[in-house]
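Architecture and fold: a report
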Amino acid sequence: MTESEGFKARDAASYDDRTEAFDRFTERLTQPLAERAVELAALSPGSRVLDVGTGTGVVGLLAARRVGGGGSVLGIDLSAGMLRFTTEKAARAGLAPCFELRRMDAEALDLPDRSFDAVLSLFSLLHFPDPLRALTEMHRVLRPGGKLVVGIGGPPPLASRSGVLQAWRHVLDRARHAQGKLLLAPAFLESLLERRLPCRGEAEESALAGHARHHGGALAPIARRAGFIEIRRDWLGHRLELEEPEAFWEAQRTFSSIARKRLADSPAQAVEAIHREFIETCRKVRDRGGALVYPVAACYVTARR
């Protein structure tokens, strides 16, 4: 197994026992972003859609409802736990006939050329060691004129209205944090882990994941190199305030690759000590009238083959 294959296998396996929590928090945090991705794709009844990194199907199920019985959605993922959970979820929703799920590597799609009208992917590209290869594969399986919608986490363009508002929000957040009245996810848990459980093993994130936190514009040039045209950027973000410290903990240890992997690989005693410190800090912030906030956003690239 190559280093890249090993990273992808470990990354996928890290989700296997977090599927229920992932689905629960996805409904609260990610649903608006998934709806925006499907809206940008402008899917028509009867369309053939590929959902790359389907997870618990937040995008794929919306797409299946949009394309109807005459269309089809194929959701792919490397996490066996995610696929089992989503298969049952699609059946409960009555969408199994038009929503197929398969275990597949996005960097080596076992699919025919020009076989889809649209390819969607929300937050999965950050998990691929070679995002250019993954986007090149997405380009290959799209029909000529087919639509790509890919979203990754990151800030809006600085010169945009959203960028100005986010910069102002950042100033306010820093002031509230300095007053002990704000904790932001996933930075709070990740910084706590860096102090108490620094990484001593293999890479926890892809190179793009680390880069995308600071520059959401990294995606468009990669899409252009993969052969896409008519490339446009879009951004959507919102903030969810969590009342309970325990929910704040669960959300971060589920969505943060650093937290999910590092806590899973650490001794139970060490995890419990960090958990106690985390909850105690959250309660102090809440006692001061402060907030536990999880900001979530997607930088989208839409393009055509």
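Overview of the structure. (Residues numbered from 1 in each chain as written. Predicted model: local features only at pLDDT ≥ 70, side-chain atom pairs only at ≥ 80, totals over all residues. Heavy atoms only, no water.)

Below, the discussion takes up the pattern of salt bridges. Following the criterion strictly, the structure yields 22 salt bridges and no others. Notably, a salt bridge pairs Asp-113 with Arg-140, separated by 2.6 Å at the nearest N-O pair. Pair noted here: Asp-113 is in the loop between β3 (99-103) and β4 (116-122) and Arg-140 is in helix α6 (residues 131-141), with a separation of 27 residues, a long-range link. Here the salt bridges do not stand alone but share partners, grouping Lys-8, Asp-105 and Glu-107 into one network. (Salt bridge = Lys/Arg side-chain N within 4 Å of Asp/Glu carboxyl O. Helix = DSSP H or I, 4+ residues; strand = E, 2+ residues; numbered from the N terminus.)

Another point: the nonpolar core. Formed by 52 residues in total, the largest nonpolar core has its most connected members in Leu-43, Val-49, Leu-120, Leu-189, Phe-248, Phe-278 and Tyr-300. The element best represented in this core is helix α4 (residues 58-67), accounting for 7 residues. Here Leu-120 is in contact with Ala-37, Val-38, Ala-41, Leu-43, Val-49, Leu-50, Asp-51, Val-52, Val-59 and Val-149, once residues within four sequence places are set aside. Counting 32 residues, the second largest nonpolar core, distinct from the first, contains Leu-50, Leu-125, Leu-126 and Ala-297. (Core = buried A, V, L, I, M, F, W, Y, C linked by side-chain atoms within 4.5 Å. Buried < 20%, exposed > 50% of the residue type's maximum accessible area, 1.4 Å probe, protein only. Contact = heavy atoms within 4.5 Å.)

Turning our attention to the side chain of Thr-56. Tracing the backbone through its elements, the reader meets Thr-56 in the loop between β1 (48-52) and α4. Overall, Thr-56 belongs to the buried group, its relative accessible area being 1%. A polar contact of 3.2 Å, which involves the side chain of Thr-56, links it to the side chain of Asp-23. Non-local contacts of Thr-56, meaning those with residues more than four positions away in its chain, are made with Thr-19, Phe-22, Asp-23, Thr-26, Leu-61, Met-82, Phe-85, Thr-86 and Lys-89. (Polar contact = N/O pair within 3.5 Å; in protein donor to acceptor, adjacent residues only side chain to side chain.)

Attention now moves to helix α3 (residues 31-41). Note that an α-helix has 3.6 residues per turn; residues three or four places apart therefore point the same way. Buried within α3 are the following residues: Gln-31, Leu-33, Ala-34, Ala-37, Val-38, Leu-40 and Ala-41. Contact partners of the buried residues in α3: α2 (19-29), α4, β4, β5 (142-152), β7 (229-241) and β8 (291-304). Looking one or two places after α3, you find Ala-42, whose phi comes out positive at around 50°.

Cis rather than trans, the peptide bond between Ala-185 and Pro-186 has omega equal to -5°. Here Pro-186 shows up in the loop between β6 (182-184) and α8 (187-196). Not every positive phi belongs to a glycine, and Arg-114 is a case in point at roughly 55°. For Glu-230, which is not a glycine, the phi torsion comes out positive at approximately 50°. One can find Glu-230 in strand β7.

This part takes up the packing of α8 against helix α12 (residues 257-264). Two elements in contact, α8 and α12, have axes separated by 9 Å at closest approach and are oriented at 40°. Relative to α12, the element α8 is oriented oblique. Here α8 and α12 pass one another in a crossing that is left-handed. Between α8, through Leu-189, Glu-190, Leu-193 and Glu-194, and α12, the contact on the second element is made entirely by Ile-258, Ala-259, Arg-262 and Leu-263. By residue class, the composition of the contact of α8 with α12 is 5 nonpolar, no polar and 3 charged. (Axes fitted to C-alpha atoms, helices over the stretch in contact; angles between N-to-C directions. Parallel < 35°, antiparallel > 145°, perpendicular 65-115°, else oblique. Left-handed = near helix turned anticlockwise from the far one by under 90°. Nonpolar A, V, L, I, M, F, W, Y, C, P; charged D, E, K, R; others polar.)

Attention shifts here to the packing of aromatic side chains. Here a ring pair, both rings aromatic, is described through the centre-centre distance and the interplanar angle of the planes. Counted according to the given criterion, the structure contains 6 aromatic pairs. Note on Phe-255 and Tyr-294: the rings are 6.4 Å apart at their centroids and 85° apart in plane angle, and the pair reads as edge-to-face. Pair noted here: Phe-255 is in helix α11 (residues 245-255) and Tyr-294 is in strand β8, with a separation of 39 residues, a long-range link. Just above the ring of Tyr-15 sits the side chain of Arg-260; from NZ or CZ to the centre is 3.7 Å. (Phe/Tyr/Trp six-rings, centres within 6.5 Å; stacked < 30°, edge-to-face > 60°. Lys NZ or Arg CZ within 6 Å of the ring centre and 35° of its normal.)

Tracing the chain through its elements places Phe-123 in the loop between β4 and α6. Judged by its relative accessible area of 21%, Phe-123 falls in the partly exposed class. Sequence separation of Phe-123 and Asp-16 is 107 residues, and the distance between their C-alpha atoms is 17 Å. Once residues lying within four places of it in the same chain are set aside, the contact partners of Phe-123 are Thr-30, Leu-33, Gly-151, Ile-152, Gly-153, Val-296, Ala-297 and Ala-298.

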